Structures are given as structure tokens and as C-alpha cells.
Amino acid sequence: MSKVFTNPKVKEILDKYKTLWSLYYLSGLSHWDLETYMPEDGAKVRGEALAKVSSLSQEIFLDKKFTQLIKDANKEANLNDQEKSVLRLLNRSLDYYEKLPAEFLEEMSKVTSEANVIWRNAKENNSFKEFEEILGKIIDLTKRKADYLGYENHPYDALIDLYEEGWTTNDVESYFDSIREPLKEILDKHMKSDEYVGTHKLESEPYSKEKMEEFNQKVLELVQYDPKRMRLDISSHPFTIDLDPTDVRITTRYPDNNFASSYASVVHEFGHALYALQSSEDFSMTPISGGTSLVIHESQSRFWENIVGRSKVFLSQLEDKVVALSPEIKTYVEEQGLEGIHNYLNIVSPGFIRVEADELTYHFHIMLRFEIEKKMVEGSVKVSELPDLWNQYMKEYLGVTPPNDTKGVLQDVHWCHGSIGYFPTYSIGTFLSGMWQTAIQEELGNFDDLISNAEGIKKIKNWLKENVHQYGSTYTMKDLLKKVLDREFDVEDNLEYLRGKFK
Ligand code: MG
């Protein structure tokens, strides 16, 4: 075992934890396979196997000997930061299991796996009615969950803390209050400018899938990925799976047209992957291996996707791969230059779909989900009223009304998973990415210079390793910012970046 952990009680816990870790590891691998290569009809049996492994893990976790070890270790003095956070994270899980009755967790898992198929069909049939009943059940279960977990001011507090430790409803409200008006201002100004175009020719342009694979390969080379520790595959929804700092997998997709979405997924998921890859190997097979929080994770993916990937300087290194995508795209680049490609990757347009949203409108999609989720758990909106409420918010925030529920209230998978309280982390993480850019510029110099060459990109990766990644899950988001930046979370950095970019 690594030299980091010296306390005998913590060492004993970590030794026992390896059994649990192995189950998590194999479930993760099995999930990756399910999303990438598994033949379709295997899904049902795989689902059952994974559910069994999940209850087995819970049983092992709640074994009296193991939980007693945790409780005993809590009394230990003079623990180092890593040992403290091993206990902090195990106590969080223990608290969760102790507060939520086993029957409740079983019911939640049954209802949500049933909901998945119902949601999929409802979305396909554009029929919220089909989803209404089961969503009602999920909302009731979520309210019960919040009550079991306990909260001070708002039931949503109990939920948000599950996804972002230490954040409250109040924190999220003041966060959105701080970005709503400034973002609207940047958006309005941008959309009223003479050069503004809301659509782009390349959005509907087909491309060679084979050439796009070469394009993505080049992207990974530019960011100097290590093929011995990371791989890229294909899935319908891009994701990253972090098995260990020695084994991280990402995926992208290849839609028939609009190559930007394939590219954006690769750089985005690479950001998540790098966090895991550069987490200290000393923490391997322990609860603190890999990224600490959803917000920090998203700050890494958005940093690479938006700040690096959508910049002119980075794009200029991909020009030969862009023109190879198709003769039409080649002609386009000859006529419009790289500027045209840069514009294509940065089109701002209020639309219906969150995952297709640009850097400015994205946050309004999250705001409306937050408002609606709060109302759900307060019980101040009926399930049947959700489609109308959704459309009202779309009109208010983005000035558009979805033509149907498939492009409205039914678009996201999160609620059918029971993940209520998750959405805000996407937006907060995106804003946090601006703080990393500021710190990197202050320490390493001009950002465009850095991302224009291999040496500079290496410097950025090392900076992220030293200041963020190496710690794994040792610190919460708030503590990490204090420790490495000596700052509190602040939205100004990212607002400045957006103001500069969307003049
Ligand atoms: Mg992400």
C-alpha cells in the first residue's frame, strides 16, 4: 500500500475496501461495455447482473465489522489530509445507507429502471402522458429521500449536497442570480451585432466518418494523450469512465452531419479523462482516487472543450484535418478561411435542446431545470403541469417555445434516473473553468501562446496536475479553491472570457 496512508486503522479499512473497489471497478467496466460493444439483446440480463452487484456492494459496505472500523477510525487524531478524506467519503456513504432504508433504496432502483424504458418510449412517441405517472412516483420518492436525509431550509438542500458536497439551494440561487443578467446582456449584445448569424452552413454538412476519426485522433495527439492508459470508442451518448489512473476510456459519436459535435465530445471527454489520469496513483483502489466533485469535473471538461477546443489558435492546428473531411468542407475553408470554422464552432442560437446549446444560452437551460426541480420537491407544481411550466420558462429565458415535449420537458434522461439536484453542477462547473484559465495565465503567461504549441499544452497539463488533478478526491470543491487559488468561487473570470469572445 502506498506510503501516503500510515494510520493503522485507516490502512486496515483500505485493505478491506479493496473488495468493494473491485466490485465498483468491474461494474464500471461492465457499464462501459454495455454502452459501447454489447449486443443489444444482452441489455436485460446485464441490467439484472449490475443490480445484484450493486446490492452486494451495499451489503459488504454495511457489514458490521467494516462500519465499526470506520466508526473507530473517526476517533483517531493526527490523520493527514488523505486519511481524513478517506474517512470523510466513507462516512458520507455510511450516512446515506443508514438514513435511507434498504426497502426504500430497492423501490427507488426498481422504479427508476422501469422508468428508463417508459421515458424512452414517451420521448419517441412525443407523449408526456406516458411518462407522467412514473415521473410522479419518482418525484414522491425524491421527496421522501430528502426527508430521510434531512435538511435545514429546503428539501432541495439534501439533494444538491449529494452531487456537490457543501452546496445548498441558497448557494445555487445566488449563483444563478449572479450570472442571469450579465449573461443576458452579453447574449443580447451579441445577437444584435451586425455580424450575428444564428445558423451555419456546416451544421447540416455531411462529412467522411473515416476522416473524422483521423481528425479526432489528431486532437488526442495535440493534447498528448497516452494510448497506453486511455482509449476512444463510440457510443450514442458520449461519456468518460474512470477505472483507475492507468485505465480511462472516453467515447464520442459520429452523427451524419455537423462534425463539430463529434469534435466537441472528444475534447470535452478528454478533459474529464485527464482529471482521472493525473490523479495520484498513490490513491489507486481507494475512495479518494479520481475526481472530487461533479463541479470540478465539469470545470475540467469545459476548460478543454470551450476555452481550448473552440479557440482559433487550437483550431489552426487542425486545419489539414478539417479540409480532409469532404470536398465541400475543403471549398468552404478555401473561401472562408479558418475564421469560418471558428464561427461554426461558436454559433450562438437560442434553441430547444440543452446538449446542443452554445456557451451563452446553455446556462438558461440549466436555470429552468433548477427552478422546476425546486418546485417539484416543494410540491408546488403538479406533474401534469410540467410541460407548460417548461415552455413558459423557455419563453421567458430564451424567447423560444419547443414545438413538442420531445424537444421540451422530455429531452433529458436525468429525472428517470432519479437524478434530481444534478443539473446545477453542469453550469457551475462551466463557470469555474474560467477561474482555472485566469490562474494559468497569471502563472504561465499568455493563453493563446500556450495552446499554440506542444510545449505550452504540456505546461497547462502539468499545471492542472499540480493544482487540481493530483489530489484526487482529497478536498471538496470549496476547500480545493481555497487551497490552490486562495479564492472563493467567482463567476467574474468566465464572464470576462465570454465578454471577450462574444463581442
Ligand atoms: Mg461532462
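Residues numbered from 1 in each chain as written. Predicted model: local features only at pLDDT ≥ 70, side-chain atom pairs only at ≥ 80, totals over all residues. Heavy atoms only, no water.

A. Spatial organisation of the overall build of the protein. In terms of helices and strands, the protein carries 21 helices and 3 strands. Taken against the 2.2 N^0.38 rule, which gives 23 Å for 503 residues, the C-alpha radius of gyration of the protein at 23 Å falls within 12% of a compact globule. C-alpha atoms of the protein, sized along the principal axes, occupy 70 × 55 × 45 Å. Every one of the 503 residues in the protein was classed for burial, and the buried ones make up 53%. In the protein, of all internal contacts separated by at least 6 residues, the share reaching a separation of at least 24 is 73%. A total of about 22900 Å² of accessible surface is found on the protein, and carbon and sulfur atoms cover 48% of it. Of the charged side chains in the protein, 60 are positive and 85 negative; the average position of the first set lies 3 Å away from that of the second. (Helix = DSSP H or I, 4+ residues; strand = E, 2+ residues; numbered from the N terminus. Rg over C-alpha atoms; globule rule 2.2 N^0.38 Å. Buried < 20%, exposed > 50% of the residue type's maximum accessible area, 1.4 Å probe, protein only. Contact = heavy atoms within 4.5 Å. Areas by Shrake-Rupley, 256 points an atom, 1.4 Å probe, with all protein chains shown as cover. Lys, Arg positive; Asp, Glu negative; His and termini not counted. Charge placed at Lys NZ, Arg CZ, Asp CG, Glu CD.)

B. Summary view of the pattern of salt bridges. This structure, assessed with the given rule, holds 38 salt bridges. A salt bridge links Lys9 to Glu76; the nearest nitrogen and oxygen atoms lie 3.4 Å apart. Taken as a pair, Lys9 in helix α1 (residues 8–36) and Glu76 in the loop between α3 (64–73) and α4 (81–99) lie far apart in primary sequence, 67 residues in all. For Lys9, a relative accessible area of 33% puts it in the partly exposed group. (Salt bridge = Lys/Arg side-chain N within 4 Å of Asp/Glu carboxyl O.)

C. Representation of α3 within the structure. Here α3 has its buried residues at Phe66, Thr67, Leu69, Ile70 and Ala73. The buried residues of α3 occupy one face: seen down the axis, they fall within an arc of 150 degrees. Across from the buried face of α3, at angles greater than 90 degrees, the exposed residues are Lys64 and Lys65. Residues of α3 that are buried make contact with α1, α2 (43–61) and α4. Capping the start of α3 is the job of one residue whose side-chain oxygen sits 3.0 Å from the backbone nitrogen of Lys65: Asp63. (Arc of directions from axis to C-beta. Polar contact = N/O pair within 3.5 Å; in protein donor to acceptor, adjacent residues only side chain to side chain.)

D. Structural view of unusual backbone geometry. Phi at Met285 takes a positive value of approximately 65 degrees, unusual for a residue other than glycine. Locating Met285 in the fold gives a position in the loop between α10 (259–277) and α11 (294–308). Residue class for Met285 comes out partly exposed when judged on its relative accessible area of 27%. Even without glycine at this site, Asp486 takes up a positive phi of about 55 degrees. The class for Asp486 is exposed, based on a relative accessible area of 64%.

E. How the structure looks around the environment of Glu106. Assignment of secondary structure puts Glu106 in helix α5 (residues 102–124). Using a relative accessible area of 59% as the deciding quantity, one classes Glu106 as exposed. Between the C-alpha atoms of Glu106 and Ser55, which are 51 residues apart in sequence, the distance is 8.7 Å.

F. Looking closely at the nonpolar core. In terms of nonpolar packing, the biggest core is built from 128 residues, with Phe259, Tyr263, Phe303, Trp304, Leu386 and Trp436 touching the most fellow members. For this core, the element with the highest residue contribution is α10, accounting for 11 residues. Residues within four places of Trp304 in sequence aside, it is in contact with Val223, Val267, Phe270, Gly271, Leu274, Gly309, Ile457, Ile460, Lys461 and Leu464. Counting residues in each nonpolar core, the second largest holds 21 residues, with Val10, Leu20, Leu79 and Phe283 among its members. (Core = buried A, V, L, I, M, F, W, Y, C linked by side-chain atoms within 4.5 Å.)

G. Region of interest: the packing of aromatic side chains. Tallied over the entire structure, the rule returns 29 aromatic pairs. When the ring of Tyr163 is compared with that of Tyr422, the centres are 5.2 Å apart and the planes differ by 55 degrees; the resulting orientation is tilted. In this pair, Tyr163 is assigned in helix α7 (residues 155–163) and Tyr422 in the loop between α16 (386–398) and α17 (424–444), connecting sequence segments 259 residues apart. Following the ring pairs from residue to residue traces out a cluster consisting of Tyr156, Trp167, Tyr175, Phe176, Phe370, Phe431 and Phe489. Over the aromatic face of Tyr362 sits the side chain of Arg302, whose NZ or CZ is 4.6 Å from the ring centroid. (Phe/Tyr/Trp six-rings, centres within 6.5 Å; stacked < 30°, edge-to-face > 60°. Lys NZ or Arg CZ within 6 Å of the ring centre and 35° of its normal.)

H. Examining the sheet that holds strand β3 (residues 247–252) more closely. Pairing is mixed across the open sheet formed by 3 strands, whose spatial order is β1-β3-β2. Single-partner strands in this sheet number two, and they are β1 (230–234) and β2 (240–244). Ignoring strand direction, the axes of neighbouring strands in this sheet form an average angle of 20 degrees. Here 5 bridges tie β1 to β3, and the two strands are oriented parallel to one another. Within β3, the residue paired with Arg231 across the bridge is Arg249. Along the sheet, α1 makes contact with β1, β2 and β3, crossing β2 at roughly 150 degrees. (Pairing = 2+ DSSP bridges. Axes fitted to C-alpha atoms, helices over the stretch in contact; angles between N-to-C directions.)

I. Broad picture of the pairing of β3. Here β3 lies mainly inside the structure; 6 of its 6 residues are buried. The alternating pattern of β3 places Asp247, Arg249 and Thr251 on one face and Val248, Ile250 and Thr252 on the opposite face, and all of these are buried. Inspection of the sheet shows β2 paired to β3 by 4 bridges, in the antiparallel sense. Within β3, the position partnered with Ile241 by the bridge is Arg249.

J. Summary view of the coordination of the magnesium ion. In the first shell of the magnesium ion, the protein supplies His268 (NE2), His272 (NE2) and Glu298 (OE), at 2.3 to 2.5 Å from the metal. Spacing between the donor residues of the magnesium ion along the chain follows H-x3-H-x25-E. Of the two residues, His272 sits in helix α10 while Glu298 sits in helix α11, which places them 26 residues apart along the sequence. Here His272 and Glu298 have matching classes, each one buried. (Donors = N, O, S within 2.8 Å, 3.2 Å for Na, K, Ca; no water.)

K. Representation of the packing of α17 against helix α19 (residues 454–467). Closest axis-to-axis distance for the α17/α19 pair is 11 Å, and the angle between their directions is 115 degrees. Crossing of α17 against α19: the hand is right-handed. Packed against α17, whose contacting residues are Trp436, Ala439, Ile440, Glu443 and Leu444, the element α19 presents Lys459, Ile460, Trp463 and Leu464 at the interface. In terms of residue class, the contact of α17 with α19 is made up of 7 nonpolar, no polar and 2 charged. (Left-handed = near helix turned anticlockwise from the far one by under 90°. Nonpolar A, V, L, I, M, F, W, Y, C, P; charged D, E, K, R; others polar.)

L. Main features of the side chain of Asp157. Among the structural elements, Asp157 can be located in helix α7. Here Asp157 is buried and forms no salt bridge, its nearest opposite-charge partner Lys374 lying at an N-O distance of 9.6 Å. Polar contacts involving the side chain of Asp157 include one to the side chain of Thr169, which spans 2.3 Å.

M. Focus on α10. Between its first and last C-alpha atoms α10 spans 27 Å; for 19 residues at 1.5 Å apiece the expected length is 27 Å, and the two agree. Counting buried positions along α10 yields 18 of 19 residues, so the element is predominantly enclosed. (Expected span 1.5 Å × (residues − 1).)

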